[in-house]
Amino acid sequence: VLPLADVAFMAVLDTIYLLVGVISGAHVPPVLTVILVQTTIPLTACFTQCVHPDGRCNPGRGTPSEDEYESSPNGNSSAVDMYSSTGAAAASHSNVRIISSSTLNEMQSTAVSDNMYDNISSIPNLPDHRMHAAHNHHRTPPPVKGWGGLSRYHIIGTGLMFSAILLGLVPAILSLNEIYITEMEAMPQRTAYNTIVFCLATIPAAMSQLYKEHTLTRLRQPIDRNTLNLVLSVFQLLFAIVVSPLAYGLEGMGFGPGWITLFPSKNISTNFAHGLQCFTGRLDEGIMLRGYPEEARCEWSWLLLVLHVLSIIFVGVAIDKLAAATKVMYRGVSFGIMLGVLFMFVYQIRDKWCEYGALVSFFHLTATAVLIVGAEIYHRVSVADATFETVYQEIGDLYEEDE
């Protein structure tokens, strides 16, 4: 049985992230949309320090209770997005016991039906994970004491990724303080405001990631991932409908004095109707040009939708196929960052609205290089997996004779 209250809270966090990210992302430099979304990884590592029994900020550090299970951040930029689309973070989907190694680069798992063997040590051909751990001890650094299960690689990688994000935000921060690093301001005020907000939107995303992991380990029951994703999507849709009138006003963020009045909430129904007409190619040209504070552009709507859906499907298939080949999967993440930055950089230098100059591009490309190095170091070893054994409810004697 799904814990609906917990799933609803996950949906609230995910929806806040998506709404704020989509609204602000329309005015963020294209390259930074690839860089800043990776903020979820170091934020998750930092938030872990507050909830992990051995975390830096945990008041009860070093004295975990019996009900506390070790959990650590998952190692990729789209942990929130991949969990939401595929449910890959679920530890088990059937009544099996999962035995996992501690290294992510050579992760192996063995699923054993509980009713086949009385003792797990009697299972034939089961790899000795104690020998496996001893064999890899010289190559896999242990967690650093007092750092929430993170090794030195994770700490260094987190620091580098935070440095990359700060480098990417430098032009926006300077613009907000009217410090010019080019012949004119590094970027418009509206772009700078939306860039900062886009980065802050990853905070609920990181919180959602940790809460999902905490809920699954606390529940200790098999969960069908398709059912979980369906319920999560329904809650997200309902919450988005409720808060959309409030979120609609954020579209004018950073536009200037009185920006909150540019997109009044009372016009949300009209805007929704115009959006459908724009999507189907039937929106009047006069409304496109003069109906809103900024020009509406409806071309490529269908193509963008198809590409978005296909990308979600491909990510789900890739996770299912590469679940055990984590080294390959993380190399793919790094390659995806490079490819995404390349495409966005070409778009950025070709489109006039986001022509920031060579110095700003230097900050963005330097941030990309530092981010990739940090991600590679972070993913060099695995974090400690969140594990649990299924707890079954007791069943009475079905053949007990009635007295």
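Residues numbered from 1 in each chain as written. Predicted model: local features only at pLDDT ≥ 70, side-chain atom pairs only at ≥ 80, totals over all residues. Heavy atoms only, no water.

Trainee: Run through the overall build of the protein chain, naming residues and quoting values.
Mentor: A count of helices and strands for the protein chain gives 14 helices and two strands. Within the protein chain, the proportion of its 403 residues that are buried is 39%. At a minimum sequence separation of 6, the contacts of the protein chain that also span at least 24 residues come to 73%. Surface exposure of the protein chain reaches about 22800 Å², of which carbon and sulfur atoms provide 63%. (Helix = DSSP H or I, 4+ residues; strand = E, 2+ residues; numbered from the N terminus. Buried < 20%, exposed > 50% of the residue type's maximum accessible area, 1.4 Å probe, protein only. Contact = heavy atoms within 4.5 Å. Areas by Shrake-Rupley, 256 points an atom, 1.4 Å probe, with all protein chains shown as cover.)

Trainee: A description of the packing of aromatic side chains should follow, citing residues and the corresponding values.
Mentor: A complete count under the given rule lists four aromatic pairs for this structure. Both rings, one in Phe279 and one in Trp302, keep their centres 4.4 Å apart while their planes meet at 35°; by these two values the pair is tilted. With a gap of 23 residues between them, Phe279 in helix H10 (residues 268–280) and Trp302 in helix H12 (residues 301–321) connect regions that are remote in the sequence. With a centroid separation of 6.2 Å and an interplanar angle of 70°, the aromatic rings of Phe362 and Phe363 are classed as edge-to-face. The ring of Tyr153 has Arg380 lying over it, and the distance from NZ or CZ to the ring centre is 5.6 Å. (Phe/Tyr/Trp six-rings, centres within 6.5 Å; stacked < 30°, edge-to-face > 60°. Lys NZ or Arg CZ within 6 Å of the ring centre and 35° of its normal.)

Trainee: Please provide a residue-by-residue account of the environment of Val197, values included.
Mentor: Position of Val197 relative to the elements: it lies in helix H7 (residues 189–200). A C-alpha to C-alpha distance of 9.5 Å links Val197 and Val28, two positions 169 residues apart in sequence. Excluding residues that lie within four positions of it along the chain, Val197 makes contacts with Val20, Ser24 and Met253.

Trainee: Pulling in residues and values, what's your account of the state of the cysteines?
Mentor: Overall, the coordinates contain one disulfide when judged by the stated rule. Paired by a disulfide, Cys278 and Cys298 hold their sulfur atoms 1.9 Å apart. Since a negative S-S torsion denotes a left-handed disulfide, the Cys278-Cys298 link at about -120° is left-handed. You can see Cys278 sitting in helix H10 and its partner Cys298 sitting in the loop between helix H11 (285–290) and H12, a full 20 residues away along the chain. For Cys278, a relative accessible area of 14% gives the class buried. Assessed through its relative accessible area of 13%, Cys298 is described here as buried. With no disulfide of its own, Cys50 lies closest to Cys57 among cysteine sulfurs, the gap being 4.2 Å. Accessibility expressed as a relative area gives 42% for Cys50, which makes it partly exposed. (Disulfide = S-S within 2.5 Å.)

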